[in-house]
Amino acid sequence: MLNIGHYSFSSRLLLGTGKYPDFKTQKEAVEVSGSEILTFAVRRMNIFEASQPNFLEMLDLKKYTLLPNTAGAKTAAEAVRIAKLAKASGLCDMVKVEVIGCDKTLLPDPVETLKATEELLKEGFIVLPYTSDDVVLARRLEELGSHAIMPAASPIGSGQGIINPLYLKFIIEQTKVPVIVDAGIGSASDAMIAMELGADGVLLNTAVAGAKNPVKMALAMKMAVEAGQLGYEAGRIPRKETATASSPLEGLSVK
Amino acid sequence: MKLMINGEEVMVPNSLQSITDLLKHLNLHDQVVIAEVNEDIIDNQKQRETQIKENDKIELVRFVGGG
């Protein structure tokens, strides 16, 4: 089980809800993924357009836990405001703190992320900060009381996969709350590697939404996360420099 | 009555008294809409009792797809 705050989830795959080709594909992908946590962003309404189809309204909210993000925020104050707006909906008490500090790389601003996390924890939110793979920052975020740490595998939407497995492993080893590898996942194997490293979950969006077949990719991600988790629990064999035969060397039937 | 909604000046009937009235007027009442009035974030269950008046600065936001 993946335990975050007072929540308990059987799925370790968290799915973003942006950039799908259409709602039907998205709904199918979400169902097939088995995800129980869905991320959302908070944006202004178009007040002059009454009929604004919204994915949220297609969901059975009893089946999913909403994880609004603070995307768009560049300061702690902006992130806190977005989180409070989301909570005022009465639909959620979790938030993904996302304070971007660089437009090119979309890497988080560590100082503002820390400030926003501290403030939102004081306000009683269940806080999941999105962070870089900075080991010390991850520790500081945990010390504040974060309910999960979400280090990036690589830049958001880049599909580069896990570019720094060593630092991710350091973070995973030192962290007692769940570590959810967020952002940069491109393929099912990337998700599996994250889980094999010992991550407690994977959050991805573009890898599914932007795939040629998002529904198939959603299933691939589900299976990859499960396989990675099983593999991690089973414990892999050590790497060796030399070959070791799998078949017995005795009793060869040769003349 | 003149309101500033999402950064735009909007004229609405004077008969509107609450956020709930405003959302009905805009035909947005069937959706999950979160309101902020003069920088005060309003819990959705308090939309009915939250009064609006001339020149109020109102933000109306919702959940959209995101990662």
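### Focus: the interface of chain B and chain A
Reasoning step 1: Counting residues at the interface gives 26 residues for chain B, matched by 32 residues for chain A.
Reasoning step 2: Taking both partners together, chain B and chain A bury about 2,600 Å²; carbon and sulfur atoms supply 60% of that area.
Reasoning step 3: The three residues of chain B that bury the most area against chain A are Arg62, Phe63 and Gly67 of chain B, which together make up 30% of that side's buried surface.
Reasoning step 4: Linking chain B with chain A are two salt bridges.
Reasoning step 5: Glu59 of chain B is the partner of Arg44 of chain A in a salt bridge, and the nearest nitrogen-oxygen pair spans 2.7 Å.
Reasoning step 6: Counting the contacts that link chain B with chain A gives 13 residue pairs in polar contact (both at pLDDT 80 or more).

### Here's the deal with the packing of aromatic side chains
All names here are of chain A.
Reasoning step 1: All chains considered together, the criterion is met by four aromatic pairs over all chains.
Reasoning step 2: On the numbers, 5.7 Å between centres and 20° between planes, the contact of Tyr7 with Phe9 is stacked.
Reasoning step 3: For Phe9, a relative accessible area of 3% translates into the label buried.
Reasoning step 4: In this structure, Lys87 packs its charged tip against the face of Phe125, placed 4.4 Å from the ring centre.
Reasoning step 5: Over the face of the ring belonging to Tyr130 we find Lys96, whose NZ or CZ atom lies 5.3 Å from the ring centre.

### Structural notes on unusual backbone geometry
Residues and elements named next belong to chain A.
Reasoning step 1: Even without being glycine, Lys19 reaches a positive phi, approximately 65°.
Reasoning step 2: Structurally, Lys19 is set in the loop between strand 3 (13-16) and helix 1 (23-33).
Reasoning step 3: For Lys19, a relative accessible area of 60% puts it in the exposed group.
Reasoning step 4: Within the chain, Leu106 stands out as a residue other than glycine whose phi angle is a positive 55°.

### Focus on helix 4 (residues 135-144) of chain A
Residues and elements named next belong to chain A.
Reasoning step 1: Val135, Leu137, Ala138, Leu141 and Glu142 are the residues of helix 4 that are buried. Around the axis of helix 4, the buried residues are gathered within 165° of arc, so they sit on the same side.
Reasoning step 2: In this structure, the buried side of helix 4 is in contact with helix 3 (110-122), strand 7 (126-131) and helix 5 (165-174).
Reasoning step 3: One side-chain oxygen at the N-terminal end of helix 4 lies 3.0 Å from the backbone nitrogen of Val136; it belongs to Asp134.
Reasoning step 4: Of the residues one or two after helix 4, Gly145 is the one with positive phi, at around 115°.

### Structural notes on the pattern of salt bridges
Residues and elements named next belong to chain A.
Reasoning step 1: Enumeration according to the criterion identifies 13 salt bridges over all chains in this entry.
Reasoning step 2: A salt bridge links Lys27 to Glu31, with the nearest nitrogen and oxygen atoms 3.5 Å apart. Separated by four residues within a single helix, Lys27 and Glu31 lie in helix 1, roughly one turn from each other.
Reasoning step 3: The exposure class of Lys27 is partly exposed, given its relative accessible area of 29%.
Reasoning step 4: With a shortest N-O distance of 3.3 Å, Glu112 and Lys115 are connected by a salt bridge. Of this pair, Glu112 and Lys115 both sit in helix 3, separated by three residues, roughly a single helical turn.
Reasoning step 5: A relative accessible area of 15% places Glu112 in the buried class.

### Some remarks on the packing of helix 3 of chain A against helix 4 of chain A
Residue and element names in this part refer to chain A.
Reasoning step 1: At a minimum axis distance of 10 Å, the contact between helix 3 and helix 4 shows a crossing angle of 15°. With respect to their mutual orientation, helix 3 and helix 4 come out roughly parallel. Here helix 3 runs over helix 4; the crossing is right-handed. Contact residues: helix 3 offers Pro110, Thr113, Leu114, Thr117, Glu118 and Leu121, while helix 4 offers Leu137, Arg140, Leu141 and Leu144.

### Overview of the environment of Val177 of chain A
All names here are of chain A.
Reasoning step 1: Within the secondary structure, Val177 sits in the loop between helix 5 and strand 9 (180-182).
Reasoning step 2: Residue classification places Val177 among the partly exposed residues on the basis of a relative accessible area of 21%.
Reasoning step 3: Linking Val177 and Gly5, residues 172 residues apart in sequence, is a C-alpha distance of 9.2 Å.

Cut-off values and rules
Residues numbered from 1 in each chain as written. Chains lettered and ligands numbered in written order. Predicted model: local features only at pLDDT ≥ 70, side-chain atom pairs only at ≥ 80, totals over all residues. Heavy atoms only, no water. Contact = heavy atoms within 4.5 Å. Buried area = accessible area lost by both parts, 1.4 Å probe. Salt bridge = Lys/Arg side-chain N within 4 Å of Asp/Glu carboxyl O. Polar contact = N/O pair within 3.5 Å; in protein donor to acceptor, adjacent residues only side chain to side chain. Phe/Tyr/Trp six-rings, centres within 6.5 Å; stacked < 30°, edge-to-face > 60°. Buried < 20%, exposed > 50% of the residue type's maximum accessible area, 1.4 Å probe, protein only. Lys NZ or Arg CZ within 6 Å of the ring centre and 35° of its normal. Helix = DSSP H or I, 4+ residues; strand = E, 2+ residues; numbered from the N terminus. Arc of directions from axis to C-beta. Axes fitted to C-alpha atoms, helices over the stretch in contact; angles between N-to-C directions. Parallel < 35°, antiparallel > 145°, perpendicular 65-115°, else oblique. Left-handed = near helix turned anticlockwise from the far one by under 90°.

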